[in-house]
Amino acid sequence: MQIKKLMAGLSLAGLLLLGGCSNNKKADNSSEVKHVGVLQVVQHPSLDKAYAGFKKGLKKGGYVEGKNLKIDYQNAQNSQDNLKSMSEKLVNEKSDLILGIATPAAQSVANSTQDIPVVVTAVTDLKAAKLVDSNAKPGRNITGTTDMVSIDKQIKLLLSIVPKAKTIGVMYNAGESNSKIQADLAIKALKKAGVKVVVKTANTTNDVQQVTETLTGKVQGIYVPTDNTFASAASIIGKVVKEKKIPLVAGSTDQVKTGGLASIGIDYESLGEQTGKMAAKILDGKAKPADMPVEKAEKLQLVVNKKMAKALGIDPNSIKAPK
């Protein structure tokens, strides 16, 4: 009897031990660390906010750095060579998901992998950038959020500030496809309004000051789209337009805070948060990029730089969002 009891006890202990191992294994799977690569084209407030929002969106989706999430953040500082090498690094490290912030970064990541899930943000037109088959059904390993807003509304805002303007300037980097799309729409809207347009482009931030100074002598107002090159030099632009007393409407609300007069646009942190929530669903295995429609900004806002308005002799309260 003693031997039988001993054997029964050992069998029960073995079952409990196996059960304990099984439970531990399950716990390990539930706390699996996901590796997310991030490639940002350059550092400036809008894109920095998009990245901050992305992490916030991931957190709301249950992914927290230091617990079940590891992020490898890379900033190319507007270098094409950096974009290529950093994209390849993130792919070679077998990231579970990669985020591309702004069009050049998104395109670089897209060229580096057709297998790893990719989300992008701060991209004007994903289809025009050849990142997706269509915005409604991406069809590939890429989806994300667009920062495209109504260019017509932004031009109406500028013309409401300078209603007697005969000539308006448009500045952008022709090498950025997202900027060219917006600039072309702005030029079309200005011409439709019967206003003459002077266009100036700059390929690097080193050229921005000279381009701005040249343009301010020929126009009564300036429009700058959500362009990474010009956003990086927003404070330089601000000094020039303030000195020359030329109102500038920017595509980015963040550029207004550092060098423009006004904008009706998006909050990049909120846009990044939307993107982070999309990424969390992909990491959960609940969705695939190919089937996730590209999302637009949920929030639009009118932003006015009151100090700039006063420096230009404009009542900031007179600037209203166009209908």
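Structure: see above.
Reading the values: the criteria
- Residues numbered from 1 in each chain as written.
- Predicted model: local features only at pLDDT ≥ 70, side-chain atom pairs only at ≥ 80, totals over all residues.
- Heavy atoms only, no water.
- Buried < 20%, exposed > 50% of the residue type's maximum accessible area, 1.4 Å probe, protein only.
- Helix = DSSP H or I, 4+ residues; strand = E, 2+ residues; numbered from the N terminus.
- Axes fitted to C-alpha atoms, helices over the stretch in contact; angles between N-to-C directions.
- Parallel < 35°, antiparallel > 145°, perpendicular 65-115°, else oblique.
- Left-handed = near helix turned anticlockwise from the far one by under 90°.
- Contact = heavy atoms within 4.5 Å.
- Nonpolar A, V, L, I, M, F, W, Y, C, P; charged D, E, K, R; others polar.
- Patch = residues over 30% accessible without salt bridge, like charges linked within 9 Å, V, L, I, M, F, W, Y side chains within 5 Å.
- Areas by Shrake-Rupley, 256 points an atom, 1.4 Å probe, with all protein chains shown as cover.
- Salt bridge = Lys/Arg side-chain N within 4 Å of Asp/Glu carboxyl O.
- Lys, Arg positive; Asp, Glu negative; His and termini not counted.
- Charge placed at Lys NZ, Arg CZ, Asp CG, Glu CD.
- Polar contact = N/O pair within 3.5 Å; in protein donor to acceptor, adjacent residues only side chain to side chain.
- Pairing = 2+ DSSP bridges.
- Right-handed = clockwise from strand over helix to strand, strands pointing away.
- Expected span 1.5 Å × (residues − 1).

K.L.:
What's the story with helix α4 (residues 103-112) in this structure? I'm lost.
P.N.:
Along an α-helix, residues three or four positions apart point the same way, because every turn accommodates 3.6 residues. In terms of residue burial, α4 counts as a mostly covered element, since seven of its ten residues are buried. The set of residues buried in α4 consists of T103, P104, A105, A106, S108, V109 and A110.

K.L.:
Honestly, the packing of helix α7 (residues 208-216) against helix α9 (residues 234-244) in this entry has me stumped. Any pointers?
P.N.:
For any two helices packed against each other, one specifies the crossing angle of their axes together with the interaxial distance. Axis separation between α7 and α9 bottoms out at 9 Å; the angle between their running directions is 20 degrees. Considering their axes alone, α7 and α9 lie roughly parallel with respect to each other. In the crossing of α7 with α9, the sense of the turn from one axis to the other is right-handed. Contact residues: α7 offers V208, Q209, T212, E213 and T216, while α9 offers I236, I237, V240, V241 and K244. In terms of residue class, the contact of α7 with α9 is made up of five nonpolar, three polar and two charged.

K.L.:
Just checking my understanding: could you explain the environment of G62 for this structure?
P.N.:
Its location among the elements puts G62 in the loop between α2 (45-60) and β2 (69-75). Note: C-alpha distance between G62 and A280 (218 residues apart in sequence) is 7.4 Å.

K.L.:
Whenever I open this one, a positive patch on the surface confuses me. Can you help?
P.N.:
A cluster of basic side chains, namely K153, K156, K188 and K192, defines a positive patch on the protein surface. Those elements giving two or more residues to the positive patch turn out to be α5 (151-161) and α6 (177-192). Mapped onto the fold, K153 is located in helix α5.

K.L.:
Can you help me understand the side chain of D72 in this one?
P.N.:
Tracing the sequence through the fold places D72 in strand β2. The class of D72 is buried, set by a relative accessible area of 18%. A distance of 2.6 Å separates a polar atom in the side chain of D72 from a polar atom in the side chain of K89.

K.L.:
What is the right way to look at the sheet that holds strand β4 (residues 118-123) in this model?
P.N.:
Hydrogen bonding along the main chain pairs the strands of a sheet, whether they run parallel or antiparallel. Here five strands make up an open sheet; going across it, the order is β2-β1-β3-β4-β5 and the pairing parallel. At either margin of the open sheet sits one strand with a lone partner, and together these are β2 and β5 (142-146). Strand-to-strand, the axes of this sheet are offset by a mean angle of 20 degrees, without reference to chain direction. When strand β1 (residues 34-40) meets strand β3 (residues 97-101), the two strands line up parallel, connected through five bridges. Bridging from a neighbouring strand, Q40 pairs with I101 of β3. Set on the sheet, α2 makes contact with β1, β2, β3 and β4; between it and β1 the angle comes to about 165 degrees.

K.L.:
Explain the pairing of β3 to me, please; I cannot follow it from the model alone.
P.N.:
Burial within β3 is extensive, with five of its five residues counted as buried. Residues L97, L99 and I101 of β3 are buried on one face, and the alternating residues I98 and G100, pointing to the opposite face, are buried as well. Across four bridges, β3 lies against β4 in parallel orientation. Counted as the bridge partner of I101 is T121 from β4. For the handedness criterion, the β-α-β arrangement of β3, α4 and β4 is classed as right-handed.

K.L.:
Help me understand helix α3 (residues 80-92), please; the structure alone is not making it clear to me.
P.N.:
A rise of 1.5 Å per residue sets the reference length of α3, with its 13 residues, at 18 Å; its end C-alpha atoms lie 18 Å apart and thus fit the reference within 8%. Looking at the buried residues of α3, the elements they touch are β1, β2, β3 and α4. K94, located one to two residues past α3, shows a positive phi value of around 55 degrees.

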